[in-house]
Amino acid sequence: MASPMSAGRFLDRIRDEGVRVVEVGDWEHHNRNHKGPWGPVHGVMIHHTVTSGSAFTVGLCREGHDALPGPLCHGVITKDGVVHLVGYGRANHAGLGDDDVLRAVIAERALPHDNEANTDGNRHFYGFECENLGDGEDPWPEVQLDAIAKVSAAICRFHGWTERSVIGHLEWQPGKVDPRGFTMSSLRARVRELLK
C-alpha cells in the first residue's frame, strides 16, 4: 500500500529525472477528490489523447468536457517531450477496470487479460495523457517516448516499484486501445533500464 506523494515531491521527482515540466494553473489543487479518495496508489497508467496540437490537448486534459470533467490526468506529455502538470489528486483518467489486473500490478507480476470493469482505477493510478491521434499512424517522437519512460521511472523509483507497475489503459479496461502506436512491453523495458 502506498500513499500518493505530495504534489511538491511529485514535481521534484519528475524534474530530477531530467524532464522539462510546465505547471498549468493551480494544478496542485485541481482534482476530483470530492468524488472519492485518491490512494492507496499502486501504479502509473499511460494513455493517448486522440488529439493534436499541444495547447488544445493540455486545455482539454485540464478542463475536461461536458461528459467528463477535468482533470483527465495528472500530466500531459506533448510531442516535444514536455510534461504539462494539469492536476493532482483524483483525476478522471482510468475509470473502472479489472480487479485481477490491479492485483497483478500490486504483486508486480505478469498482467492477466482484462475482462471486467469492476474496480475504481482513478483511485489507484497516477495518470499521464500523451498527445497522439491514437490511429496507429501518428508518430511517437523519441523525445516523447523518453519523457513517458522518465516520468514513469520517477514515480516507480519513489515508491520502490519495478517497471511492472506501469500499465496502459488498454491493459486495464476492456475495450480501450490506448496507448496505440508502441507496445507497453517496450515502454516497460525503457523504464526497467532507467531504474537500474
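Computed from a prediction, not measured in an experiment: that's the story for all the values here. (Residues numbered from 1 in each chain as written. Predicted model: local features only at pLDDT ≥ 70, side-chain atom pairs only at ≥ 80, totals over all residues. Heavy atoms only, no water.)

*Asks:* Outline the nonpolar core, listing residues and values.
*Replies:* Ranked by size, the top nonpolar core spans 35 residues in total, and within it Phe10, Ile46, Tyr126, Phe128 and Ile148 carry the most contacts. Among the secondary structure elements, those contributing two or more residues to this core are α1 (7-16), β2 (43-48), β6 (83-85), β9 (125-130), α4 (142-159) and α6 (184-194). When residues no more than four places from it in sequence are discounted, the contact partners of phenylalanine 10 are Met5, Trp27, His74, Leu85, Tyr88, Tyr126, Phe128 and Ile155. Counting residues in hydrophobic clusters, the runner-up holds 8 residues, among them Met45, Ala94, Leu102 and Val105. (Core = buried A, V, L, I, M, F, W, Y, C linked by side-chain atoms within 4.5 Å. Buried < 20%, exposed > 50% of the residue type's maximum accessible area, 1.4 Å probe, protein only. Helix = DSSP H or I, 4+ residues; strand = E, 2+ residues; numbered from the N terminus. Contact = heavy atoms within 4.5 Å.)

*Asks:* Give a detailed account of the environment of aspartate 100, specifying residues and quantitative values.
*Replies:* Inspection of the secondary structure assignment puts aspartate 100 in helix α3 (residues 99-107). As a C-alpha pair, aspartate 100 and alanine 55 span 45 residues in sequence and 37 Å in three-dimensional space. Contact partners of aspartate 100, with chain neighbours within four places excluded, come to Pro112 and Glu116. Polar side-chain contacts of aspartate 100 include one of 2.4 Å to the side chain of arginine 103. (Polar contact = N/O pair within 3.5 Å; in protein donor to acceptor, adjacent residues only side chain to side chain.)

*Asks:* Residues and numbers for the sheet that holds β6, please.
*Replies:* If you trace the 6 strands from one edge of the open sheet to the other, you get β1-β6-β5-β9-β2-β10, paired in mixed fashion. Here the strands that pair on one side only, and so sit at the sheet edges, are β1 (21-23) and β10 (166-168). The mean inter-strand angle of the sheet, taken between neighbouring strand axes irrespective of direction, is 25°. Pairing between β2 and β9: 6 bridges, direction parallel. In the sheet register, histidine 48 faces β9, and the bridge partner there is cysteine 130. Of the strands in this sheet, β1, β6 and β9 touch α1, which is tilted by about 155° from β1. (Pairing = 2+ DSSP bridges. Axes fitted to C-alpha atoms, helices over the stretch in contact; angles between N-to-C directions.)

*Asks:* Outline the packing of α1 against α4, listing residues and values.
*Replies:* Packed helices, taken two at a time, are described by the angle their axes make and the gap between the axes. Where α1 contacts α4, the two axes come as close as 8 Å, and the packing angle between them is 125°. Classified by the angle their axes make, α1 and α4 are oblique. Here α1 runs over α4; the crossing is right-handed. Contacts between α1 and α4 involve Arg9, Phe10, Arg13 and Ile14 from the former and Val151, Ala154, Ile155 and Phe158 from the latter. Along the lines of polarity and charge, the residues of the contact of α1 with α4 split into 6 nonpolar, no polar and 2 charged. (Parallel < 35°, antiparallel > 145°, perpendicular 65-115°, else oblique. Left-handed = near helix turned anticlockwise from the far one by under 90°. Nonpolar A, V, L, I, M, F, W, Y, C, P; charged D, E, K, R; others polar.)

*Asks:* Please give an account of the environment of lysine 196 that cites residues and values.
*Replies:* Relative to the assigned elements, lysine 196 resides in the segment after α6. Here the alpha-carbon distance between lysine 196 and arginine 157, two residues 39 residues apart in the chain, equals 10.0 Å. Among the polar contacts listed, one links the side chain of lysine 196 to the side chain of glutamate 193, at a separation of 2.8 Å.

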